[in-house]
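A look at the structure
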Amino acid sequence: MRDARCVVVVGSQWGDEGKGKIVDVLAAEAGIIARYQGGANAGHTVHVGGDEFILHQIPSGILHGGTRCLLGNGVVLDLEHLFAEMDQLRARGYEVEPRLGVSGRAHLLLECHKRLDAAIETRRGAAKIGTTGKGIGPAYEDKIARVGVRAADLIDAGRARQLIEGAVTRSNERLRAAGASELDPARVTDDVLAQRDRLLPLLTDTGREITSELAAGRRVLLEGAQGALLDVDHGTYPYVTSSTTTAAGAATGVGIGPTVIDSVIGVVKAYTTRVGSGPLPTEIEPPLGDHLRELGGEYGATTGRPRRCGWFDAVVVRYSAQVNGLTGLAITKLDVLDSFPEVKVCVGYETDDGAWDHFPYDFALLEKARPVYETMPGWSTDITAVRSVGQLPAAARAYLNRLEELTGVPITFVSVGTRRDQIIEV
């Protein structure tokens, strides 16, 4: 880590792993922090002293003075929420505009995308995917269909009006079919163009900036949103997000080549959580699962929805190590397990078709998978004051050692609390 110059920080479960706090710690030695995918559906919570910050689009590195924060071409931008987030940071004493850059190739997330997201999810009924309702899927649909609106399109107001009105008109056809109310294309366009003067000074070529920073010998962090198991290709499809959340998406999402990436840090909780629908093989039934949720404060930073909780799934993290090329693990929320007399780790799955020690690509098989557990003694000790791995109780160290063995990835960080000084570098 000390020698790595281009570092990807990627969630290696189903999101909400604590990526923001790891980026916040690493940002102290970085010149640039760049988001490479996702949008306002992210919710990165960082504690600085006694203050809590929840960041949805702006990288958590903004909390470090002197860092440059970029939103890459792989991001979908909700301008209204972006500027509201900037204003909130400024009100709390953080300078934003001179330090924030937005890729001119990033696509805009429009009001019609959010309206469509809600209408489509409602029509799914019991088969709903569990989206955040932030319009992410429809925005990426337009991008892939080559009818999206990019940030740079706002340079020419006339062209922007034509593109935005076209997007709203197309969305209205789908809204009518879904029985939802339509939007006024002219009004939506006017709202976007009203933000044009504030956006244009932020536009940049993120790939060029990052390449220059690396050439000068300074560190760059590439930050993902969501988690690897929500990746549109490698996640638990169809219960996934609409972008590439894995480390491979980092290069394409900011405009650099993959060979410049030196290190990939996979962030995982000491247990497992998931928001919304989809398989979670190690899910713990109530009341123990509810108890773990309350201990960990497991409620979505973006939606407030309760997270489903389960034991650590080594099969999932091994798979994540494979698809991300992980060079290190950051274990967060180890302290949440302090009061458990014993802890469990899933080492494989049993199904009616046999045993599996790897993550299946067949969704139906995964739904029927039964976890195979190893049970380890808990440490029943408050570890929030620990500041080195050597100070951890023997049972906690044994647990971490077993996670390393099962995942095949060395642990580089351990979090024993929410504050910066509670993240231990191994």
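Refer to the structure printed above.
Presented here is a report on the structure given in the accompanying data block.

**Examining the pairing of strand S16 (residues 342-351)**
When you tally the buried positions in S16, you get seven out of ten residues, the bulk of the element. The sheet contact formed by strand S14 (residues 312-313) and S16 spans two bridges and is parallel. Residue pairing in the sheet places Asp 313 in a bridge with Cys 346 of S16. Note: S16 against strand S18 (residues 370-377), eight bridges, orientation antiparallel. When the bridges of S18 are listed, Lys 344 appears paired with Thr 375. Sheet analysis places S16 next to strand S17 (residues 354-356), joined by three bridges and oriented antiparallel. Paired with Glu 350 across the bridge in S17 is Ala 355.

**Topic: the sheet that holds strand S15 (residues 328-332)**
Across a sheet, strands are paired by hydrogen bonds formed along the backbone, either parallel or antiparallel in direction. Here we have ten strands laid out as an open sheet, ordered S9-S7-S5-S2-S10-S1-S11-S15-S19-S20, and mixed in their pairing. Of all strands in the sheet, those bounded by a partner on one side alone are strand S9 (203-204) and strand S20 (423-425). Pairing analysis gives three bridges linking S15 to strand S19 (residues 411-415), with the strands arranged parallel. What sits directly across from Ala 330, in S19, is Phe 413.

**What to know about unusual backbone geometry**
Of the consecutive residues Tyr 237 and Pro 238, the connecting peptide bond is found in the cis state with omega at 10°. Positive phi outside glycine occurs at Arg 146, with the angle close to 65°. In this fold, Arg 146 is placed in the loop between helix H4 (136-144) and helix H5 (157-177). Positive phi is not limited to glycine here, since Gln 226 has a value of about 60°. Relative to the helices and strands, Gln 226 resides in the loop between strand S10 (219-223) and helix H9 (248-254).

**Examining the packing of aromatic side chains**
What describes a pair of aromatic rings is the distance from one ring centre to the other and the angle between the planes of the rings. Overall, the coordinates contain five aromatic pairs when judged by the stated rule. Arranged with centres 5.6 Å apart and planes meeting at 25°, the rings of Tyr 239 and Phe 363 form a pair that is stacked. Separated by 124 residues along the polypeptide, Tyr 239 in the loop between S10 and H9 and Phe 363 in helix H12 (residues 363-367) bring together distant segments of the chain. Overall, the relative accessible area of 18% leaves Tyr 239 in the buried class. Ring plane angle 75° and centroid distance 5.8 Å describe the contact between Trp 311 and Phe 340, whose orientation is recorded as edge-to-face. One end of the pair, Trp 311, is in the loop between strand S13 (308-310) and S14; the other, Phe 340, is in the loop between S15 and S16, and 29 residues separate them in sequence. The two residues Trp 311 and Phe 340 agree in class, both being buried. Positioned over the ring face of Phe 53 is Arg 92, at 3.9 Å from the centre of the ring.

**A short note on the nonpolar core**
One finds Val 8, Ile 210, Leu 222, Leu 334, Leu 337 and Tyr 399 to be the most contacted residues of the largest nonpolar core, which totals 54 residues. Here the element with the most residues in this core is helix H13 (residues 394-407); it accounts for five residues. Leave out the neighbours within four places in its chain, and Leu 337 touches Ala 270, Tyr 271, Leu 292, Val 343, Trp 379 and Tyr 399. Counting 37 residues, the second largest nonpolar core, distinct from the first, contains Leu 79, Leu 82, Val 168 and Leu 183.

**Some thoughts on the packing of helix H3 (residues 111-124) against H5**
Direction vectors running N to C along H3 and H5 enclose 20°, while the axes themselves pass 10 Å from each other. In terms of orientation, H3 lies roughly parallel with respect to H5. Judged by the twist between their axes, the crossing of H3 over H5 is left-handed. Across the interface between the two elements, Cys 112, Arg 115, Leu 116, Ala 119, Ile 120 and Arg 123 of H3 pack against Ala 167, Val 168, Ser 171, Arg 174, Leu 175 and Ala 177 of H5. Across the contact of H3 with H5, the residue classes break down as eight nonpolar, one polar and three charged.

The rules we used
- Residues numbered from 1 in each chain as written.
- Predicted model: local features only at pLDDT ≥ 70, side-chain atom pairs only at ≥ 80, totals over all residues.
- Heavy atoms only, no water.
- Buried < 20%, exposed > 50% of the residue type's maximum accessible area, 1.4 Å probe, protein only.
- Helix = DSSP H or I, 4+ residues; strand = E, 2+ residues; numbered from the N terminus.
- Pairing = 2+ DSSP bridges.
- Phe/Tyr/Trp six-rings, centres within 6.5 Å; stacked < 30°, edge-to-face > 60°.
- Lys NZ or Arg CZ within 6 Å of the ring centre and 35° of its normal.
- Core = buried A, V, L, I, M, F, W, Y, C linked by side-chain atoms within 4.5 Å.
- Contact = heavy atoms within 4.5 Å.
- Axes fitted to C-alpha atoms, helices over the stretch in contact; angles between N-to-C directions.
- Parallel < 35°, antiparallel > 145°, perpendicular 65-115°, else oblique.
- Left-handed = near helix turned anticlockwise from the far one by under 90°.
- Nonpolar A, V, L, I, M, F, W, Y, C, P; charged D, E, K, R; others polar.

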